[in-house]
Structure formats: C-alpha cells, structure tokens
Amino acid sequence: MSKKRVLSGIQPTHDSFHLGNYLGALKQWVEFQKDSDAFYCVVDLHALTVETDPKLLEKRTLLSVAQLLAIGLDPKQCTLFIQSHVPAHNQLAWVLECITGFGEAGRMTQFKDKSQKGGTDRTNVGLFTYPILQAADILLYQADFVPVGEDQRQHIELTRDLGQRFNNKYHEVFTIPAPQIIKSLAKINDLQDPNAKMSKSASSMAGVIELLDSSDAIIKKFKSSVTDAGKEIKFDEQGKPGISNLLTIASALSGKTIKDLENEYAGKGYGDFKVQVAEIAVEVINPIRIRTQELMADKAALLQLLKDGADKANQVASKTLADVYTALGLIKNG
C-alpha cells in the first residue's frame, strides 16, 4: 500500500522560528515524514504580501530551510523545497482564480481581518488572492491530507471546494485533500503575557523563545518570565497562568507529565523552577541552533539540497499542471 501524501508549508517572515512553532507544528512534521510521502515547502511567495527587504527575505528563506533541517527534516525521507523554485504554483493559482468567486475570496477571515485593520486601499491584491495560491500549493501535489492549525481550516475548505469545482466542471484531475487539524503538542504562551499565545507579532520579544536564541538569552527570558501569586508550583490555567505555562513547556520538552513535574518541584521556589525549565529548553534548543549555524556556513550545499528538492517537486507539479491545461483545452506546446 502506497504512503499517503502530506503537504505543509511555512513562511520565512522572521529570522528564527519560535518555541510555539516548534511544538505547535514543526516537531510533528518530523514525525509525518516517517510514515507519509511528505512535501514541505518554504512559501517565500506568500511572504511577499508583506513588504520585505530583498536581502532580508533571501536570508530568512535560507535560515528557515536550515532550521527545518536542524529540527530533523531529512531530504531522504521528505521533499523539501522553496515555493518560488516551482513555477507551477503561480500557473495553477491563475487557473484557480478564474473559478473563484469574488465574494468567496472576500469572505476569507485573514483577508477580512487584515484589510479592516489597514483599510482596503492599503491592502494589496496578493493578500486577497493569498488563499487561492495556497490552494494551488496543495492541489499541485495531489496531497491526501494537510496538517494545519484550527486557524487554517477555512483555507483548506476553500481548497477542497476549488478542487471539487474543477473536477466537476472539467475533468477529475485533483485529489481532494482532507484537513488534518494538528493537535498541538502543547499550547505555548508568551512568557511575559501567559494569557496570550507565543507569537512574533508580540509587542516585545522578551517573552518569545526563539530557536536561534543563545543559551544566555533563553535563561534570561525564563528568569524574567511572569509568574503568579503564591508559592505553589501547580497547574491551574485560570488561577496560575504563568506557572501553568512553564509547566506546559517543561512537559512538552522533557516528555514528563505535568503531574510528575508538579511532584518533582514540590516545595521549590519559583526562582529555582524557572531556571530548571530554562535548562530543559536550552538542552533541546542548543543543538538546533548549532546545527542551523553549521548548515548556514555551507550555502552551496544548502542550495544544492534545495535544487534536488525542487527537481522532485517540479516532477509532480508539472504533471498536475499538464493535466489541468489539457482539461481546460489549452494547447500543448510541442
């Protein structure tokens, strides 16, 4: 029985992924590659919806690839590539745009939220068509399932609708993907605001643990993390959100249960507890940072790896696009 195909992507919008990215999705990517025909993509074209310095985008794209490799993605087990290295993404996106209703695209939550904040006059068309390019990303590779967070469910439903619409109207070309809503290994919150999700859009990075942070930076951030009234190290999300967040992080990184950790730290002070959670985080993150630096030091090897990945991705994508063009009646070249 052939392996099910999985497709997922991540934007290179920051220098470093953070602990929430790692425990929320990326660690699962490593597991998916073992049992699935996994295609993983750094979606640099999607990053263009936000104005970015070209040199910074180039740097962040390579850093994203290096971090994915450092956390355990294996090019022998998965296909890892950069979105812009496969021209069929844009070509299929145009076809899908031509069967997408204007109102349908306008109802996408992310577009509505961002355009309301910035005003429609200052919102670029790329943000409006973003979910359609995302649908092309998925449908190109005939993915059986797409691991996403709950916030992406609406985009996967659009992808399914567009794939089915094309299949019904022209010819059955696309596999219709099933959403696989990732149950995060842990809900990781900001160390300075333990009621808010850890995010790069936070007003301060003091509460965000990055995978490329130095050991000293990680320890400093944990030491200054917000805790709660009282002295007991106990999981209580409502009454003790700060301590609960630290227990969650320690559990997710060490593999120990929250209950075991509560027993282990019973009678200890908050200061000692924060330092020990920091040490657990350093033990996991240090090797990722060091391996990322090693990979970035050999840019030629990294680019060759990406070329190999793009070659594999192009083989699949070009076959899908050819079938789409034939179904549409577009005349083959040659």
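Per an unreviewed UniProt entry, the recorded name for the protein chain is Tryptophan--tRNA ligase, and the organism is Candidatus Nanopelagicus hibericus. According to the UniProt record, the Subunit (unreviewed entry) comment for the protein chain is "Homodimer."

*Asks:* When you look at the environment of R289 in this model, what are you seeing that I'm missing?
*Replies:* With respect to the helices, strands and loops of the structure, R289 is situated in helix 11 (residues 270–296). With a relative accessible area of 14%, R289 lands in the buried category. For the pair R289 and S16, spaced 273 residues apart in the sequence, the C-alpha separation amounts to 9.6 Å. Excluding residues within four positions of it along the chain, R289 makes contact with L211, L212, D213, S214 and S215. Within the structure, R289 has its side chain in polar contact with the side chain of N286 (distance 2.4 Å).

*Asks:* Looking at this structure, how should I read helix 2 (residues 54–70)?
*Replies:* Residues separated by three or four positions in an α-helix point in the same direction, a consequence of the helix having 3.6 residues per turn. For helix 2, with 17 residues, the first-to-last C-alpha span of 24 Å sits near the 24 Å given by 1.5 Å per residue. Of all 17 residues in helix 2, twelve are buried, a share of seventy percent or more. Among all positions in helix 2, only L57, R60, T61, L62, L63, S64, V65, A66, Q67, L68, L69 and A70 are buried. Where helix 2 is buried, its residues meet strand 1 (5–10), helix 1 (19–35), strand 2 (37–42), strand 3 (78–82), helix 11 and helix 12 (299–328). Where helix 2 starts, the residue carrying a side-chain oxygen 3.1 Å from the main-chain nitrogen of K55 turns out to be D53.

*Asks:* What am I meant to see in the packing of aromatic side chains here?
*Replies:* The way to describe two aromatic rings as a pair is by their centre distance and the angle between their planes. This model, assessed by the stated rule, comprises eight aromatic pairs. Between the aromatic rings of F102 and F128, the centroid separation amounts to 5.0 Å while the plane-to-plane angle is 40°, which identifies the pairing as tilted. On the criterion of sequence distance, the pair formed by F102 in helix 4 (residues 102–106) and F128 in helix 6 (residues 125–139) is long-range, its members being 26 residues apart. Where F166 meets Y170, the ring centres are 5.0 Å apart and the plane angle is 40°; that geometry is what we call tilted. Note on F166: relative accessible area 0%, which makes it buried. Classification of Y170 by relative accessible area gives partly exposed; the value is 33%. Members of the aromatic cluster, connected to one another through ring pairs, are F39, F81 and Y141.

Rules behind the numbers
- Throughout this description, residue numbers start from 1 for each chain and increase along the sequence as written.
- Where totals are concerned, whole chains, interfaces and linings use all residues; where local detail is concerned, this predicted model gives features only for residues with pLDDT of at least 70, and gives and counts side-chain atom pairs only at 80 or more.
- Side-chain metrics in this entry use all non-hydrogen atoms of the structure; hydrogen atoms and water are not considered.
- UniProt positions are given in the numbering used here, feature names are shortened, and annotations may be inferred rather than shown by experiment.
- Secondary structure follows DSSP: runs of H or I at least 4 residues long count as helices, runs of E at least 2 residues long count as strands, and numbering of each begins at the N terminus.
- For every residue, the accessible area (1.4 Å probe, protein chains only) is compared with the maximum for its type, and the residue is labelled buried under 20%, exposed over 50%, or partly exposed between those bounds.
- Residue contacts follow a heavy-atom distance rule, with two residues in contact if any of their heavy atoms lie within 4.5 Å.
- What qualifies as a polar contact is a pair of N or O atoms within 3.5 Å, subject to a donor-acceptor requirement within protein and to the restriction that residues adjacent in sequence count only when both atoms come from side chains.
- A helix is expected to reach a length of 1.5 Å times the quantity of its residues less one.
- Two aromatic rings, drawn from Phe, Tyr or Trp (for Trp, its six-membered ring), form a pair once their centres lie within 6.5 Å of each other, and the interplanar angle then sorts them: stacked below 30 degrees, edge-to-face above 60, tilted otherwise.

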